[in-house]
Amino acid sequence: MVAEGPFGVRLLDVGIVLAVIALLEISVTVGGGEGAAKLDLRAYLLGAVIALPLLFRHRWPLRVLQICFVAIILYYSLDRRNISPAPLLGIPVYDVALAGDLAWAIAIPAIVMSAGLLFVGLSGSESAVALASNFYPSIVLFVMAVLLGEVVRGRRALAAETAERLRLQVAEERLRIARELHDTVAHSMATIAVQAGSALHLISQNDIGSASPLNDSLRAIRQTSKSALSDMRLVLGQLRGDAPVDGRAVPTGLDRLAALRDAVSAAGTSVTVDVEGDPVPLPPAADHAAYRILQESLTNVLRHAGPGAAATVRVCYQPGSLALSVTDNGDGVSDEGSGHGITGMRERAAAVGGTLTAGRRADGCFEVSALLPIEEPA
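Thresholds, definitions, all that
Sequence order as written defines residue numbering, which begins from 1 separately in each chain. For a predicted model such as this one, the threshold for reporting local features is a pLDDT of at least 70, and the threshold for listing and counting side-chain atom pairs is 80 or more; totals across whole chains, interfaces and linings nevertheless cover every residue. Hydrogens and water molecules were not included; the side-chain quantities draw on all heavy atoms of the structure. Runs of H or I in DSSP of at least four residues are treated as helices and runs of E of at least two as strands, each being numbered from the N terminus. Note on exposure labels: buried denotes an accessible area under 20% of the residue type's maximum, exposed denotes more than 50%, and partly exposed covers the range between, all computed with a 1.4 Å probe on protein chains only. Throughout, a contact is declared for two residues whenever any of their heavy atoms are within 4.5 Å. Using a 1.4 Å probe, the Shrake-Rupley method yields the accessible areas, and only the shown protein chains count as cover for residues. When DSSP locates at least two bridges between a pair of strands, those strands are taken to pair. Comment: axis = line fitted to C-alpha atoms, over the contacting stretch for helices; angle = value between 0 and 180 degrees taken between N-to-C directions. By definition here, a salt bridge exists when the distance from a side-chain nitrogen of Lys or Arg to a carboxyl oxygen of Asp or Glu is within 4 Å. Comment on the angle field: the value is read as roughly parallel under 35 degrees, roughly antiparallel over 145, roughly perpendicular from 65 to 115, and oblique elsewhere. Polar here means any residue outside two lists: the nonpolar Ala, Val, Leu, Ile, Met, Phe, Trp, Tyr, Cys and Pro, and the charged Asp, Glu, Lys and Arg; Gly therefore counts as polar. Residues enter patches when they are more than 30% accessible in relative terms and free of salt bridges; like-charged ones are connected within 9 Å and nonpolar ones (Val, Leu, Ile, Met, Phe, Trp, Tyr) within 5 Å. Note on scores: pLDDT gives the predictor's confidence for each residue, bounded by 0 and 100. With the strands pointing away from the viewer, any crossover whose connection runs clockwise from the first strand over the helix to the second is right-handed. Crossing chirality is assigned from the near helix's rotation relative to the far helix, an anticlockwise turn below a right angle marking it left-handed and a clockwise turn marking it right-handed. Using a 1 Å grid laid over the protein atoms alone, points where a 1.4 Å probe fits but cannot get out form a cavity; open sets with protein on both sides within 12 Å along at least 5 of 7 lines form a pocket; any residue with an atom within 4 Å of a point counts as lining. Grid points are joined across faces, edges and corners, and a volume is the space filled by probe spheres set on the points.

Caption draft 1: The overall build of the protein, seen in detail. Helix and strand content of the protein: ten helices and five strands. The buried share among the 378 residues of the protein stands at 36%. Counted over contacts in the protein with a minimum sequence separation of 6, partners at least 24 positions apart contribute 68%. Only carbon and sulfur atoms are counted for the fraction: they give 63% of the accessible area of the protein, which is about 21,200 Å².

Structure representation (structure tokens):
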């Protein structure tokens, strides 16, 4: 972003104006010839003043070109030195061509150069060869300014069009993924929840004790599937462009850790949760990442640690960071290299500026450890 000074004048344009003034003053110095005004302080001041409108070129490109055109005509009419119009008009001609006003970008230089050629040619003070050599560089510069402005404008338009096409393609892909998730995973979760509820109803009709392990498992299945379905609906809403106000993919955090512990315990793996330090409010992104890391770690314990395994969850609030670990005493293998769970956890940790490691310890226990920053960026 280009820095701006007082009155919205860009510092870049100040530098451009100084460079144009320097070129104009050189032209004033050498621009003598028949009928030229006296080279004095007034000539130098006028050469500097006519360049000042360029300070506002980025705000009003066409207006600046028109003002510079009038200024150069007045300069030639009232206190003429034989200066080239190219240093003064070259920049605004480029700006106007870049803005797409090709008619003005071509017309004004054409008028100035035609008038100059006609005036000098009629005066008979220069030969045709000298006339061509004097006007040719300015004509070439104006042509290059128009062509460059048009090329840059075309490239910007192409870049904007490409970005829009990519945006539409991404939106279409997000909708496709949302439809697939809705028709497969969300449908399956809803079916599981309904089937678990039906099983509980049948058990109650057959007078099976409400405190039986079977009832507990079915209730855990129903609750977990309902929770997953709720999260899935929020994910689908985000994919379709209806993200929550706070921008989080799913409003889950460590406040759901107790429910997660109970669900995993009901599934057959004993879970112990140890919280160290004074709990503090977490940034939404870090809170969500912490919960998902613990959720995936405990899911891996259920899938890979083997029967009778137990897990210990440690949550440690530290100054500026949150340390997490999930340790199990099972004899199974992790999904490292065979799935995406640990890779996904590493990506979640990295997304909030944290780190994650996973592997088997010397005592045989498998451990996932993460360290997440919990201070909001300044």
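Anyway, onward from the coordinates.
Caption draft 2: Structural view of the sheet that holds strand S4 (residues 355-360). Spatially, the five strands line up as an open sheet ordered S1-S2-S3-S5-S4, and their pairing is mixed. Each edge of the open sheet carries a strand with a single partner, namely strand S1 (270-276) and S4. This sheet shows a mean twist of 10° between the axes of neighbouring strands, independent of strand direction. As defined by bridge partners, S4 adjoins strand S5 (residues 366-373) across six bridges and the pair is classed as antiparallel. Bridge pairing in S5 links arginine 360 to phenylalanine 366. The strands touched by helix H8 (residues 257-266) within the sheet are S1 and strand S2 (310-318), with S1 carrying the most contacts at an inclination of about 160°. Where helix H10 (residues 341-351) meets the sheet, it contacts S4 and S5, and its direction lies at approximately 155° from that of S4.

Caption draft 3: The arrangement of the pattern of salt bridges in detail. For the structure shown, the criterion picks out eleven salt bridges. In this structure, glutamate 164 engages arginine 167 in a salt bridge whose closest nitrogen and oxygen atoms are separated by 2.7 Å. With glutamate 164 and arginine 167 both in helix H6 (residues 128-205), this residue pair falls three residues apart, about one helical turn. A residue is classified by how much of its surface remains accessible, and arginine 167, at 47% relative accessible area, is partly exposed.

Caption draft 4: Spotlight on the packing of H8 against helix H9 (residues 284-304). Where H8 contacts H9, the two axes come as close as 11 Å, and the packing angle between them is 5°. Accordingly, the angle class assigned to the pair H8 and H9 is roughly parallel. Between H8, through Leu257, Leu260 and Val264, and H9, the contact on the second element is made entirely by Tyr291, Leu294, Gln295, Leu298 and Leu302. Taken together, the residues of the contact of H8 with H9 break down into seven nonpolar, one polar and no charged.

Caption draft 5: Local environment of a nonpolar patch on the surface. On the surface, Leu117, Ile139, Val143 and Leu147 cluster together to form a nonpolar patch covering roughly 310 Å² of accessible area. For the nonpolar patch, the element with the highest residue contribution is H6, accounting for three residues. For leucine 117, the location among the structural elements is in helix H5 (residues 102-123). A relative accessible area of 33% places leucine 117 in the partly exposed class.

Caption draft 6: The arrangement of the confidence of the model for the protein in detail. Mean pLDDT over the protein stands at 83; residues scoring 70 or higher make up 85%. Note on residues 245-250: pLDDT under 50 across the span, and 15 contacts to partners over four residues away in sequence or across chains.

Caption draft 7: Inspection of the pairing of S1 at higher detail. For S1 and S2, the ladder comprises seven bridges, and the chain directions are parallel. Bridge pairing in S2 links glutamate 276 to cysteine 316. As a crossover connection, the stretch from S1 through H9 into S2 is left-handed.

Caption draft 8: Fine view of the packing of helix H1 (residues 11-30) against helix H2 (residues 41-49). Running from N to C, H1 and H2 point in directions that differ by 145°, and their axes come no closer than 9 Å. The handedness of the crossing between H1 and H2 comes out as right-handed. Between H1 and H2, the contacting residues are Ile21, Leu24, Glu25, Val28 and Thr29 on the first element and Ala43, Tyr44, Gly47 and Ala48 on the second. Across the contact of H1 with H2, the residue classes tally to six nonpolar, two polar and one charged.

Caption draft 9: Region of interest: the side chain of serine 325. With respect to the helices and strands, the residue serine 325 is situated in strand S3 (residues 321-328). In this structure, serine 325 is in contact with Thr312, Val313, Arg314, Glu367, Val368 and Ser369, ignoring residues within four places of it in sequence.

Caption draft 10: Summary view of the layout of surface pockets. Counted as a void, the largest pocket has a volume near 980 Å³. Looking at the largest pocket, it is lined by 34 residues, and the ones nearest its centre are Thr224, Ala228, Arg292, Gln295 and Thr299. When contributions to the lining of the largest pocket are tallied by element, the ones reaching two or more residues are H6, helix H7 (213-239), H8, H9 and H10. In terms of residue count, H7 provides more of the lining of the largest pocket than any other element does, nine residues in total. Its residues placed into classes, the lining of the largest pocket shows 15 nonpolar, ten polar and nine charged.

Caption draft 11: The arrangement of the pairing of S2 in detail. The sheet contact formed by S2 and S3 spans eight bridges and is antiparallel. The residue bridging arginine 314 from the neighbouring strand is serine 325, located in S3. What sits between the antiparallel neighbours S2 and S3 is a turn of two residues, in which glycine 320 has the positive phi angle 80°.

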